[in-house]
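# Coordinates in review
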Amino acid sequence: MEVRHVSLRDYPRLIRTNRNFRLLWAAQIVSEIGDWFYAVAVYSLLLDFTGKAQSIAVAFVLQVLPQFFVAPTAGVLNDRLSRRRVMMFADWMRAAIVLCMVLVRGPHLVWFLYVLLVLETLMWALFEPGRSAVIPNITHGDDTVVANTLSSTTWSINFAIGFALGGIVAAQFGRDTVFVLNALSFVVSALCIRSMKFDEPHARLSPFKVSELMNFKPIREGIEYVWNDRRLRTTIFVKAGLGLMGSNWVLLPILGARVFPVQRAGFSPRQSGMLGMSILMAARGLGAFVGPMLASRWAGGSRWRMRVGILIGFICAGAGYLALGASNNILLACAALVLAHSGGSMLWVFSSTLLQLQTDDRFRGRVFSAEFAFSVITMSASSGTAGALIDHGLTARFVAGCTGLVVLVPALLWAYALRAWPREA
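Reference entry: report on the structure contained in this document. (Residues numbered from 1 in each chain as written. Predicted model: local features only at pLDDT ≥ 70, side-chain atom pairs only at ≥ 80, totals over all residues. Heavy atoms only, no water.)

## Considerations on helix α1 (residues 10-17)
Turning to α1, its buried residues number three or more, namely Asp10, Tyr11, Leu14 and Ile15. The buried residues of α1 occupy an angular sector of 130° when the element is viewed end-on, so they sit on one face. With respect to the buried face of α1, the exposed residues turned more than 90 degrees away are Arg16 and Thr17. (Buried < 20%, exposed > 50% of the residue type's maximum accessible area, 1.4 Å probe, protein only. Helix = DSSP H or I, 4+ residues; strand = E, 2+ residues; numbered from the N terminus. Arc of directions from axis to C-beta.)

Structure representation (structure tokens):
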């Protein structure tokens, strides 16, 4: 079977001809730029108020771990209700939650910031499985991999732009400005999603009953569905392997603030540290942009090549963090991050596409919720461990090198899993 390679022309064509995807893509752009735009403000606030790496680790864990507990409910809601309406609800709630962050005025209110991060995480856990699940509803054929690649590379560009601008705006105009702009981004996202019009066959099966949230049957059905398909029960854990790189959410702020601060005339150490964080995070975003663009062009619609690409992605991720641990200046650190997150974003795109192509529409919300749940467990463990190790005296560079070694473990497991699959186009 001939493999159709994805062309650069496919991306503008999809945006131009597919109105629903264009609106979803626009919503993604504004909300994600806002997310990364305010992250530097949150992390610098915590370092100012607590002085501990562990506070960043706690913040990150609170931004991801609640997804594990809410995933079954989020999956059921996205499989039984209109995913469009679920996403709109999540966006409006996030706008209000982020706006409340301007009230955090001192160390005595750090607990309130943590509460707000948890609430925002719960809304994200409702939104993201819905966004992933609707892509096959609004695209067809090879356009599904085109849409996933564009979504991933857009995430990467948003990440780079958001962190770069967020650090500058926070340093120049203060954190409150950043929080307000992020809240407005969710309002724009909600309005874009409101304008989408597409068929949602799963929502017509039968009227939704609140009692379904207390019933384990839909969750059990989802588990049985995944377990009975060898392809699904293997692919669903790919992002859990990627989650072992979750230490970067602690490593990069610490490296930027304490190891690679960017000095500018008139800037305080705090402001120089925020710029250092921004540059490292922007390099991470650049890598996440480059990886899927090159990999999708090579893989096209071939599921076998996507599976091989996942293995390549794990290897690049591990090698990049080993190189980060050996870096002695910010340029080498940025190059290492580009390599690592090129690999990480590559395996993100391919695993998402494989799950979408292999999952029935009525189970897709539960499958993606479960996938996110598994990944946040490893991300939480990785970031929490990194924060504890740094606060107990280990250097951030050493922890980065250890991260690289750990990420090579899922690479070996995936290489073994590939042996059980027949080669296919």
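On we go from here.
## Quick notes on a nonpolar patch on the surface
Side chains of Leu99, Val180, Leu181 and Leu184 sit close together on the surface and give an oily, nonpolar patch of about 320 Å² of accessible area. Tracing the sequence through the fold places Leu181 in helix α8 (residues 175-194). (Patch = residues over 30% accessible without salt bridge, like charges linked within 9 Å, V, L, I, M, F, W, Y side chains within 5 Å. Areas by Shrake-Rupley, 256 points an atom, 1.4 Å probe, with all protein chains shown as cover. Salt bridge = Lys/Arg side-chain N within 4 Å of Asp/Glu carboxyl O.)

## Focus: the state of the cysteines
Under the defined criterion, the tally for this structure stands at zero disulfides. Among the cysteines around Cys334, which has no disulfide bond, Cys316 carries the closest sulfur, lying 18 Å off. Looking at Cys334, the relative accessible area reads 14%, which means it is buried. (Disulfide = S-S within 2.5 Å.)

## Some words on the pattern of salt bridges
Tallying each qualifying case throughout the model produces seven salt bridges. The partner of Asp10 in a salt bridge is Arg13, and the shortest N-O contact between them spans 3.5 Å. Placement of both Asp10 and Arg13 in helix α1 is noted, with a separation of three residues, approximately one turn of the helix. Taking the relative accessible area as the measure of exposure, Asp10 reaches 6% and is therefore buried. Since its relative accessible area comes to 25%, Arg13 is described here as partly exposed.

## Notes on a positive patch on the surface
There is a patch of like positive charges on the surface, built from Arg19, Arg22, Arg194 and Lys197. By the element assignment, Lys197 lies in the loop between α8 and α9 (217-227). By relative accessible area, Lys197 is classed as exposed at 59%. (Lys, Arg positive; Asp, Glu negative; His and termini not counted. Charge placed at Lys NZ, Arg CZ, Asp CG, Glu CD.)

## Let's talk about the packing of helix α7 (residues 143-173) against helix α15 (residues 330-358)
Taken N-terminus to C-terminus, the directions of α7 and α15 make an angle of 145°; their axes are 9 Å apart at the nearest point. In this structure, α7 crosses over α15, and the sense of that crossing is right-handed. On the side of α7, the interface is formed by Thr144, Val145, Asn148, Thr149, Ser152 and Ser156, while α15 contributes Ser345, Val349, Ser352, Thr353, Gln356 and Leu357. Looking at the contact of α7 with α15, its residues break down into three nonpolar, nine polar and no charged. (Axes fitted to C-alpha atoms, helices over the stretch in contact; angles between N-to-C directions. Left-handed = near helix turned anticlockwise from the far one by under 90°. Contact = heavy atoms within 4.5 Å. Nonpolar A, V, L, I, M, F, W, Y, C, P; charged D, E, K, R; others polar.)

## Brief notes about the packing of α7 against α8
For the pair α7 and α8, interaxial distance at closest approach is 7 Å and the crossing angle is 130°. Considering their axes alone, α7 and α8 lie oblique with respect to each other. Here α7 contributes Gly166, Val169, Ala170 and Phe173 to the contact with α8, which in turn contributes Arg175, Thr177 and Val178. For the contact of α7 with α8, the class distribution of residues is four nonpolar, two polar and one charged. (Parallel < 35°, antiparallel > 145°, perpendicular 65-115°, else oblique.)

## As for the layout of surface pockets
The gaps of empty space that remain are located by a probe, the size of a water molecule, rolled over the atoms. The calculated volume of the second largest pocket comes to roughly 220 Å³. Lining the second largest pocket are 13 residues, and of these Thr234, Phe237, Pro410, Leu413 and Trp414 lie nearest its centre. Of all the secondary-structure elements, those providing two or more residues to the lining of the second largest pocket are α11 (238-242) and α17 (396-418). (1 Å grid on protein atoms, 1.4 Å probe; cavity = no way out; pocket = protein on both sides within 12 Å on 5 of 7 lines; lining within 4 Å. Points joined across faces, edges and corners; volume = space filled by probe spheres on them.)

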